[in-house]
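Given next are the chains, with one letter for each unit.
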Amino acid sequence: MLALARWGGAAFLVWYGVRSLRAAFRQQSLVTATGDISLTAGKAALAVLGATLLNPHTYLDTVVLLGAIGGQQPGDGKYWFALGAVLNATLWFAALGFGARLLAPLFARPLAWQVMDTLIGVIMLLLAANLALA
């Protein structure tokens, strides 16, 4: 069963790497909306809830993964681990939000997408090779 998971993971990484390398040769850029976009607080809250509570990775990561690792910490370590996980998530998502806004002008250029897709493709193929040869 472990061998099946390893080869399945390697196959997925190869597929994803090839897909990214193919995308690097297409002209693409980030098109952002210009002008005033009206978004009510209710629509924004529904979008956030949909992206978080309806996302299965939310439960996998927080309940299963973090719960299993945090629960193994001795004494008060589990509380410090939980605090660290919350602070990390807060910093990560804030950086994603502000970083997306700051990097939008960069990714309006096709060359930025080509560089990013090439890097992703190479990294995925290296990870696939590492997994297959392990």
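Residues numbered from 1 in each chain as written. Predicted model: local features only at pLDDT ≥ 70, side-chain atom pairs only at ≥ 80, totals over all residues. Heavy atoms only, no water.

What about the packing of helix 3 (residues 56–71) against helix 4 (residues 77–103)?
Selection criterion: Under this scheme, a helix contributes an axis fitted over its contacting stretch, all axes are lines through C-alpha atoms, and angles between N-to-C directions fall in the 0 to 180 degree range. Numbering of helices and strands starts at the N terminus; helices are DSSP runs of H or I of at least 4 residues and strands are runs of E of at least 2. Any two residues whose heavy atoms approach within 4.5 Å are treated as being in contact. Residue polarity is assigned by list, with Asp, Glu, Lys and Arg as charged and Ala, Val, Leu, Ile, Met, Phe, Trp, Tyr, Cys and Pro as nonpolar; anything else, Gly included, falls into the polar class.
One way to put it is that helix 3 packs onto helix 4 with a least axis distance of 8 Å and a crossing angle of 145 degrees. For the pair formed by helix 3 and helix 4, the contact residues are Leu66, Ile69, Gly70 and Gly71 on the first element and Lys78, Phe81 and Ala85 on the second. Tallied by class, the residues present in the contact of helix 3 with helix 4 amount to four nonpolar, two polar and one charged.

Let's talk about the side chain of Ser20
Selection rule: Exposure classes here rest on a 1.4 Å probe applied to the protein chains alone. A residue is buried below 20% of its type maximum, exposed above 50%, and partly exposed in between.
By the secondary structure assignment, Ser20 is in helix 1 (residues 2–24). Overall, the relative accessible area of 5% leaves Ser20 in the buried class. Once residues lying within four places of it in the same chain are set aside, the contact partners of Ser20 are Asp117, Ile120 and Gly121.

Quick notes on the packing of aromatic side chains
The condition that has to hold: Only Phe, Tyr and Trp rings are paired, with Trp represented by its six-membered ring, and only when their centres lie within 6.5 Å; those with planes under 30 degrees apart are stacked, over 60 edge-to-face, the remainder tilted.
Tallying each qualifying case throughout the model produces four aromatic pairs. Seen in terms of ring centroids, Phe12 and Tyr16 are 6.0 Å apart; in terms of plane orientation they differ by 35 degrees. Their pairing is tilted. Of this pair, Phe12 and Tyr16 are both found in helix 1, four residues apart, which corresponds to roughly one turn of the helix. The class for Phe12 is partly exposed, based on a relative accessible area of 46%. The exposure class of Tyr16 is partly exposed, given its relative accessible area of 30%.

Here we look at the environment of Leu60
By the element assignment, Leu60 lies in helix 3. Residues Leu60 and Leu4, spaced 56 residues apart in sequence, show a C-alpha to C-alpha distance of 21 Å.

Details of a nonpolar patch on the surface
Put simply, the test is: Within this analysis, patches are made of residues with over 30% relative accessible area and no salt bridge. Like charges are joined at 9 Å or less; nonpolar side chains (Val, Leu, Ile, Met, Phe, Trp, Tyr) at 5 Å or less. Accessibility throughout is a Shrake-Rupley quantity obtained with a 1.4 Å probe, and a residue counts as covered only by protein chains that appear here. For this document, the term salt bridge refers to a Lys or Arg side-chain nitrogen within 4 Å of an Asp or Glu carboxyl oxygen.
A grouping of Leu46, Leu49, Leu53, Tyr59, Leu60, Val63 and Val64 is seen on the molecular surface, where their side chains present a nonpolar patch of about 680 Å² in accessible area. Listed by contribution, the elements that provide at least two residues to the nonpolar patch are helix 2 (41–53) and helix 3. Counting residues per element, the nonpolar patch draws most heavily on helix 3, which supplies four residues. Summarising the element assignment, Leu49 is placed in helix 2.

Examining the confidence of the model for the protein chain
The test is simple: The pLDDT score gives, residue by residue, the confidence of the prediction method on a 0 to 100 scale.
Summing up the model confidence of the protein chain, the mean pLDDT is 86 and the portion of residues at 70 or higher is 94%. The secondary-structure element of the protein chain with the lowest mean pLDDT is helix 3, recorded at 79, while helix 5 (residues 110–133) shows the highest, at 94.

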